[in-house]
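Each chain, letter by letter, is given below.
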Amino acid sequence: MTTTATADRFSDIKTATLAHLEHHGCGCYPYSDGSLLATLTAAAKATTVVELGTALGYSAAWFASTGAHVHTIDRDPTHSRRAQDHLARHHLADRITLHTGEGTDILPKLDLTGADVAFFDGYPPTTAAIGALAAALRPGGLLIAGNMTLGGQAHDIRAQLAAWQHTDLGETLLAVKPAPR
Ligand SMILES: C[S@@+](CC[C@H](N)C(=O)[O-])C[C@H]1O[C@@H](n2cnc3c(N)ncnc32)[C@H](O)[C@@H]1O
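In this text the structure is predicted, and so the values were computed from the model without any measurement.

Rules used throughout
Residues numbered from 1 in each chain as written. Predicted model: local features only at pLDDT ≥ 70, side-chain atom pairs only at ≥ 80, totals over all residues. Heavy atoms only, no water. Pairing = 2+ DSSP bridges. Helix = DSSP H or I, 4+ residues; strand = E, 2+ residues; numbered from the N terminus. Axes fitted to C-alpha atoms, helices over the stretch in contact; angles between N-to-C directions. Salt bridge = Lys/Arg side-chain N within 4 Å of Asp/Glu carboxyl O. Buried < 20%, exposed > 50% of the residue type's maximum accessible area, 1.4 Å probe, protein only. Core = buried A, V, L, I, M, F, W, Y, C linked by side-chain atoms within 4.5 Å. Contact = heavy atoms within 4.5 Å. Near = heavy atom within 4 Å. Polar contact = N/O pair within 3.5 Å; in protein donor to acceptor, adjacent residues only side chain to side chain. Areas by Shrake-Rupley, 256 points an atom, 1.4 Å probe, with all protein chains shown as cover. Disulfide = S-S within 2.5 Å. Phe/Tyr/Trp six-rings, centres within 6.5 Å; stacked < 30°, edge-to-face > 60°.

### Comments concerning the sheet that holds strand E2 (residues 69-74)
Taken in spatial order, the 7 strands line up as E3-E2-E1-E4-E5-E7-E6 in an open sheet, and their pairing is mixed. Each edge of the open sheet is held by one strand with a lone partner, namely strand E3 (96-100) and strand E6 (165-168). Averaged over all neighbouring strand pairs, the angle between strand axes comes to 15°, with direction disregarded. Examined bridge by bridge, E2 and E3 share 5 bridges and lie parallel to one another. Across the sheet, Asp74 pairs through a bridge with Thr100, a residue of E3.

### Remarks on the pattern of salt bridges
Evaluated as defined, the whole model comprises 4 salt bridges. A salt bridge links Arg89 to Asp12, with the shortest nitrogen-to-oxygen separation between them at 2.5 Å. Here Arg89, found in helix H4 (residues 77-89), pairs with Asp12, found in helix H1 (residues 11-24); they are 77 residues apart in sequence, far enough to count as distant. A relative accessible area of 46% means that Arg89 is categorised as partly exposed.

### So, the nonpolar core
Core analysis: the biggest nonpolar cluster contains 27 residues, and Phe10, Val49, Phe63, Val70, Ile96, Val117 and Ile144 have the highest contact counts within it. The greatest single-element share of this core, amounting to 6 residues, is contributed by helix H3 (residues 58-64). Once residues within four sequence positions are removed from consideration, Val117 is found in contact with Thr41, Ala44, Ala46, Thr48, Val49, Val50, Phe63, Leu137, Leu142 and Ile144. The next biggest cluster of nonpolar side chains, apart from the first, holds 26 residues, and it includes Val50, Ile73, Ile106 and Leu133.

### Some details on the site of the ligand
Neighbouring the ligand are 20 residues; Gly53, Asp74, His79, Glu102 and Asp121 lie closest to it. At 2.9 Å, a backbone N or O of Tyr31 approaches an oxygen atom of the ligand. A distance of 3.1 Å separates a nitrogen atom of the ligand from a polar atom in the backbone of Arg75. Taken by itself the ligand offers 610 Å² of open surface, and the protein chains cover 93% of this.

### A few points about the pairing of strand E7 (residues 173-176)
Note: strand E5 (residues 137-145) against E7, 4 bridges, orientation antiparallel. The residue of E7 that forms the bridge with Ile144 is Leu174. Where E6 lies against E7, 4 bridges are found, and the strand directions are antiparallel. Along E7, the bridge assignment pairs Thr167 with Leu174.

### A short note on the state of the cysteines
Evaluated as defined, the whole model comprises 0 disulfides. Looking at Cys26, it has no disulfide partner, and the nearest cysteine sulfur is the one in Cys28, 3.3 Å off. A residue is classified by how much of its surface remains accessible, and Cys26, at 29% relative accessible area, is partly exposed.

### Quick word on the packing of aromatic side chains
The tally for this structure, following the rule as stated, stands at 3 aromatic pairs. Here the aromatic rings of Tyr31 and Phe119 are separated by 5.4 Å at their centres, their planes lie at 90°, and the arrangement is edge-to-face. Taken together, the residues Tyr31 in the loop between H1 and helix H2 (34-43) and Phe119 in strand E4 (residues 115-120) connect sequence positions 88 residues apart. Each member of the pair Tyr31 and Phe119 is classed as buried. Where Phe63 meets Phe119, the ring centres are 5.4 Å apart and the plane angle is 65°; that geometry is what we call edge-to-face. Residue Phe63 is located in helix H3, and its partner Phe119 is located in strand E4; the two are separated by 56 residues in the primary sequence. Residue Phe63 is classed as buried on the basis of its relative accessible area of 0%. An aromatic cluster is defined as three or more aromatic residues linked by ring pairs; in this entry it consists of Tyr31, Phe63 and Phe119.

Structure follows, in structure tokens:
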């Protein structure tokens, strides 16, 4: 059987992000597979996505390409500004709300208790950030936690989500928020 890699329709943002991090030294690596994020979002029939870790907008563009509205957060104002430019060029700006600040400060203020998908792509992984994203998700919503091989509190996050239906893909952990008892 022959397989072909899915074309990356946002490869320009990925390329710009890789070029940016060389100069900025910020470690804002783009997520490895944007089409996976979009496929999971489409399968969940998501209308609202919340993301911690905008960088230059690569993963946000993939989420928004499904038709969902994306709330994305980054603490670096340079990243948010660059993301705004990229997303406008792809005509996605009206589907994405950019928030600049620390994820754990911004998330509770968004008052998003019904997001369908929540994505962690910050660094380092912390239980506080995962907790804030989990609070923004509806029961049955999908949490996608990236950077889980990069240390931080990844071990504790796995314990935090142990009771959720989950699968551990190494770099990425997928977990479904349980219904309240
Ligand atoms: C790995 S990059 C995100 C890559 C992006 N999702 C993409 O696919 O291109 C991490 C980004 O998260 C931001 N960040 C990391 N920890 C954060 C936090 N606790 N709160 C807000 N932003 C954070 C960094 O400034 C950086 O831009």
